[in-house]
Amino acid sequence: MSQNELEKLREENRVLRSKLKSCSSYVDRFNLIIDNAHEWVWEIDANAVYTYASEQVKSILGYHPEELIGKTPFDFMHKDEAVRVEKIFSKIASEEKTFTKLFNKCIHKDGHVVYTETSGQPIYDHNGQFTGYRGIDFNRTKEFSDKKNLQEQNATLSKALYDQHELLLNVTNSISDLLFYKDTQYRYTGCNQAFSDFIGLPIDFIIGKTDYELFPEKFADLFRSMDKHVIEDLETYSNNEWVEHADGRRLYLLTQKSPLFNTKASLIGMVGIARDMTKEHELEEKLKISNERLLTAQSIANLGHWTWDINNGKLFWSDEIYKIFGYTPQEFSATYEAFLETIHPEDKEIVTETVNKSVEDHTTYNIFHRILLPDNTQKIVHEIGHAVYDDSGRAIQMIGTVQDVTAIKTIENELAEQKEAFESIFEYSSDGLALVEDEKFIDCNQAVIKMMRASSKEDFLNIHPSQFSPEFQPDGERSYEKAQKMMQICLDTGRNRFEWLNTRKDGEEFWAEILLTRLIIKDKPLIHVSWRDISDRKFLENTLETSNLQYKTLAERLDKKVKEQSAQMIKQSRMAQMGELLSMIAHQWRQPLSSIAAVASSIDVKLSLMDEDAIDEENRTYLKAQVENIEMLTQSLSNTINDFRTLYKPDKIMQQTGITTPIERALKLMQLSLEKDNIKVERLYQSDTSIPMHSNEIMQVVLNLLKNADDNFIEKSVHNPLITIQTSEDENYLRIDFCDNGGGIDEAIIDQIFDPYFSTKDEKNGTGLGLYMSKIIIEQQHKGNLKVNNTDQGVCFSIELPKQ
């Protein structure tokens, strides 16, 4: 070996020794840090087997470091947790990635669960080959436990708030008075079910509206003038007013409105209550109901952890704490002095004293206090922590958690306010209110005591409701059994409203309106009782019912009389007009018909005088036959005109007439119409006995039945329409049956077809008087019967005329 090569090797040796010395110093320093840290440092190989563990593992898991060597982290977990974590770690290791904040549930040597937060980075040898991971575990058991406890506390408080809200809502909705709230802009912010029912609109629609959007302008102006007195003068205001109910009734309401303040004594609107005083207009009672809007509170447990180095004043805040205090890490100098500046000035002294006492007494730091955010808003936080001491007993560090409990404290305040509001509504309501549990009264308000003329609540407690009633109710049922039934209906359906005969303490009986509402308090069913004396109303109702019955009977009689007279007048008017019209038509047709008859006669004479040679016999015979047809048709048309002229001519003196005579006259008048519509008429005359009758009026009835059948055939497009007319008789009556195959009359209206003005036709084709007048002609003027019934194919009208 040459001298140069030897020197070169010596130089490399010196460098390596220098690096080794530096490395040893680094390792010593690293070991020192590890030995004094509160976290547990570890190394694992590529198969996740521990190759190193720091001494701190004993304080966290209870194992000595050497007990971990040769095992994997998953050996210190429950099976399910080991599977979960191993799956996550396998994916990380396959990509050789650095990882942080991997949460684990480990099993302490003594068996209890330890929550850890693991971070690590891959290790490589000098050839760059992946050999495992090196990392650190933080003990997060206390933070997890504190967070869980706070979440459970939040859930408990939220349920209590919800139960209190439901109770108050049920109470307000069980009150029959109208209850509503408005903000300072006179918009509705809430109301009870009674108010919603009164104006006929759902609660969700009412909220956000003003009176001008819900009521006529004249009522809205009145309401607004009252509201301004309340909002501007901050005084309670009451008056009586007439208001229209959703069903059209006008009611006299006693309305009282008062300003509404929040818990900070700031005006937020007004509350109103109205009572229907229509039937008890002489009764005036002062309404004392106080209520505040219910606010929905939601609590979110925002939990963060912190570390305070007491020696240098430095703070470590997790991300959650920055969010709670409203800062970013760049905006906040993380020192104890900076933290004190965020505390509300009124709370700063007690926070400092509590910290110092905790450090001095080796006790847990536990306090609620206010903080000020950068925008000067306030929050309430709950801080828990404890100090860490060195070997000499000197406090060197504090660690702990901070929780935003603003929502929780708000809920607690609201619970207290709602409890006060409920007790006020219950105790001072002008309606009698009581609570029933296990079929006995457990509480009642002053209104019940006054109504029952009792001396105190003790007269009601632990007593069955039926004991304030006579032995039997007016319907004959025993009061005890009926009370049991009424309470069971309430428990089954949620509500039950009824009237009840009660007995006061002095023995006087009175009627009351009872509203039972089911409540669930602490998972136990109770019945809320609303009790109102309606003795005056019952008296007025009985009086009004009697008056209404008399009025209804009189109105029905007058209505029937007016309809009959109206129908008779219309009939007479139409008959007169039709008679005049037919007379005019007959007058105008007489001369042309006479001329046609004269022309036909002259042609006949001319033919008779003509020589036999002038025209052959065949043509002469044809012409004479046509002339005869003309004369026959002219005579028929003249007779038809006479029939029409006499159709509406009254013949008040009955004449002996064969039953088929008015039928044939009607068929003759309808002949062309029936033939045009291809309607076949089948005559089954079994009798033609003569009886006294108004022949024209009977013909009108027949014409009406024929015309109705014709219209029905056309409307329903009946194929092969057929009308069957049959006459018969027995000892007392002549009978005419008109039957068709037009499909019949709807059974739902068949009983109404003889009513005046009732028609199944449109206004152009029917007045609803034809069958009505037909019934009058047959039954009133001829003392007979006009009946109708459906058959398999159509409808049959039966006319029965008495022989005498």
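Because the structure is predicted, anything quoted here is derived from the model rather than measured.

Each value, and the rule that gives it
Residues numbered from 1 in each chain as written. Predicted model: local features only at pLDDT ≥ 70, side-chain atom pairs only at ≥ 80, totals over all residues. Heavy atoms only, no water. Helix = DSSP H or I, 4+ residues; strand = E, 2+ residues; numbered from the N terminus. Contact = heavy atoms within 4.5 Å. Areas by Shrake-Rupley, 256 points an atom, 1.4 Å probe, with all protein chains shown as cover. Pairing = 2+ DSSP bridges. Axes fitted to C-alpha atoms, helices over the stretch in contact; angles between N-to-C directions. Salt bridge = Lys/Arg side-chain N within 4 Å of Asp/Glu carboxyl O. Buried < 20%, exposed > 50% of the residue type's maximum accessible area, 1.4 Å probe, protein only. Core = buried A, V, L, I, M, F, W, Y, C linked by side-chain atoms within 4.5 Å. Expected span 1.5 Å × (residues − 1). Arc of directions from axis to C-beta. Polar contact = N/O pair within 3.5 Å; in protein donor to acceptor, adjacent residues only side chain to side chain. Left-handed = near helix turned anticlockwise from the far one by under 90°. Nonpolar A, V, L, I, M, F, W, Y, C, P; charged D, E, K, R; others polar. Disulfide = S-S within 2.5 Å. Patch = residues over 30% accessible without salt bridge, like charges linked within 9 Å, V, L, I, M, F, W, Y side chains within 5 Å. Lys, Arg positive; Asp, Glu negative; His and termini not counted. Charge placed at Lys NZ, Arg CZ, Asp CG, Glu CD.

Novice: A description of the overall build of the protein should follow, citing residues and the corresponding values.
Specialist: In terms of regular secondary structure, the protein is built from 21 helices and 27 strands. Looking at the protein alone, contacts between residues at least 24 apart form 53% of all its contacts between residues at least 6 apart. Surface accessibility of the protein: about 46,200 Å² in total, with carbon and sulfur atoms responsible for 51%.

Novice: Please give an account of the sheet that holds strand E16 (residues 432–437) that cites residues and values.
Specialist: What links the strands of a sheet is backbone hydrogen bonding, and the strands pair in either a parallel or an antiparallel sense. Judged by pairing direction, the sheet is antiparallel, and its five strands sit side by side in the order E17-E16-E20-E19-E18 without closing on themselves. At either end of the open sheet lies a strand with only one pairing partner, and these are strand E17 (440–444) and strand E18 (495–503). Across the sheet, the mean angle from the axis of one strand to that of its neighbour is 35°, orientation sign disregarded. Of the strand pairs in this sheet, E18 and strand E19 (residues 509–521) are connected by nine bridges, and their pairing is antiparallel. Within E19, the position partnered with Trp500 by the bridge is Ala512.

Novice: Quick one: what's the story with the environment of Asp404, residue by residue and with numbers?
Specialist: Along the chain, the position of Asp404 falls in strand E15 (residues 395–404). For the pair Asp404 and Glu383, spaced 21 residues apart in the sequence, the C-alpha separation amounts to 9.0 Å.

Novice: Tell me about the pattern of salt bridges, and please be specific about residues and values.
Specialist: Applying the stated criterion to the full structure yields 37 salt bridges. Among the ionic pairs, Glu81 bridges to Arg84, the shortest N-O distance being 2.6 Å. With Glu81 and Arg84 both in helix H4 (residues 79–95) and three residues apart, the pair spans about one turn of that helix. Assessed through its relative accessible area of 10%, Glu81 is described here as buried. According to the relative accessible area criterion, Arg84 is partly exposed, its value standing at 36%. Arg370 is the salt-bridge partner of Asp347, the closest N and O atoms lying 2.9 Å from each other. Of this pair, Asp347 sits in the loop between helix H11 (336–341) and helix H12 (348–361) while Arg370 sits in strand E13 (residues 365–372), placing them 23 residues apart in sequence. Note on Arg370: relative accessible area 23%, which makes it partly exposed. Residues participating in the shared-partner salt-bridge network are Arg453, Arg504, Asp506, Glu508 and Asp533.

Novice: Help me get a handle on the nonpolar core, residues and values and all.
Specialist: Of all hydrophobic cores here, the largest spans 36 residues; its most connected members are Leu706, Ile725 and Ile799. Per element, the largest residue contribution to this core is nine residues, and it comes from helix H20 (residues 695–716). Discounting residues that sit within four places of it in the chain, Leu706 has contacts with Ala666, Leu667, Met670, Ile723 and Ile725. Counting 27 residues, the second largest nonpolar core, distinct from the first, contains Trp308, Tyr336, Ala395 and Met398.

Novice: Any chance you could break down H4 for me, citing the residues and the numbers?
Specialist: The first and last C-alpha atoms of H4 sit 25 Å apart over 17 residues, in line with the 24 Å expected at 1.5 Å per residue. Of the residues making up H4, those classed as buried are Glu81, Ala82, Val85, Phe89, Ile92 and Ala93. Taken around the axis of H4, the buried residues stretch over an arc of 100°, which confines them to a single face. Exposed side chains of H4 directed beyond 90 degrees from the buried face belong to Lys79, Asp80, Val83, Lys87, Lys91 and Ser94. Residues of H4 that are buried make contact with strand E1 (40–45), strand E3 (99–107) and strand E5 (130–139). Glu96 occupies a position one or two residues after H4 and carries a positive phi of about 55°.

Novice: Give me the environment of Asp137: which residues, what numbers.
Specialist: Considering the arrangement of structural elements, one finds Asp137 in strand E5. Judged by its relative accessible area of 4%, Asp137 is buried. Considered as a pair, Asp137 and Val41 are 96 residues apart in the sequence and their alpha carbons are 6.5 Å apart. Among all residues touching Asp137, those that are not within four sequence positions of it are Glu39, Trp40, Trp42, Ile60, Asn104, Thr116, Glu117 and Thr118. At 3.0 Å, the side chain of Asp137 and the side chain of Trp42 are in polar contact. Reaching out from Asp137, the side chain makes a polar contact with the side chain of Thr118 at a distance of 2.8 Å.

Novice: Lay out the packing of H20 against helix H21 (residues 770–781) in plain terms, naming residues and giving numbers.
Specialist: Look at H20 against H21: their axes get within 10 Å of each other, and the N-to-C directions meet at 145°. Crossing of H20 over H21 shows left-handed handedness. The segment H20 lies against H21, with Glu697, Ile698, Gln700, Val701, Asn704, Leu705 and Asn708 engaging Gly770, Leu771, Ser774, Ile777, Ile778 and Gln781. Looking at the contact of H20 with H21, its residues break down into six nonpolar, six polar and one charged.

Novice: Summarise the sheet that holds strand E26 (residues 785–790); cite the residues concerned and give the values.
Specialist: With mixed pairing, the five strands of this open sheet are ordered in space as E22-E24-E25-E27-E26. Strands with a single pairing partner mark the edges of an open sheet, and in this sheet they are strand E22 (680–685) and E26. The mean inter-strand angle of the sheet, taken between neighbouring strand axes irrespective of direction, is 15°. Bridge count for E22 against strand E24 (residues 722–729) is six bridges, and the pairing is parallel. Bridge assignment links Glu682 to a residue of E24, and that residue is Thr724.

Novice: Residues and numbers for the state of the cysteines, please.
Specialist: Here the structure, examined in full by the defined rule, presents one disulfide. The disulfide partner of Cys739 is Cys796, and the gap between their sulfur atoms is 1.8 Å. Residues Cys739 and Cys796 share a disulfide whose torsion about the S-S bond is about 115°; that sign makes it right-handed. Remark: Cys796 occurs in strand E27 (residues 795–802) and Cys739 occurs in strand E25 (residues 733–740); sequence separation between them is 57 residues. For Cys739, a relative accessible area of 22% gives the class partly exposed.

Novice: Quick one: what's the story with a negative patch on the surface, residue by residue and with numbers?
Specialist: A cluster of acidic residues, Asp746, Glu747, Asp751 and Asp755, forms a negative patch at the surface. Looking at where Glu747 falls in the secondary structure, it is placed in the loop between E25 and H21. Since its relative accessible area comes to 53%, Glu747 is described here as exposed.

Novice: Can you break down H12 residue by residue, with the values?
Specialist: A rise of 1.5 Å per residue sets the reference length of H12, with its 14 residues, at 20 Å; its end C-alpha atoms lie 20 Å apart and thus fit the reference within 8%. Turning to H12, the residues buried within the fold contact strand E11 (303–309), H11, E13, strand E14 (378–389) and E15. Looking one or two residues beyond H12, the residue adopting positive phi is His362, at roughly 55°.

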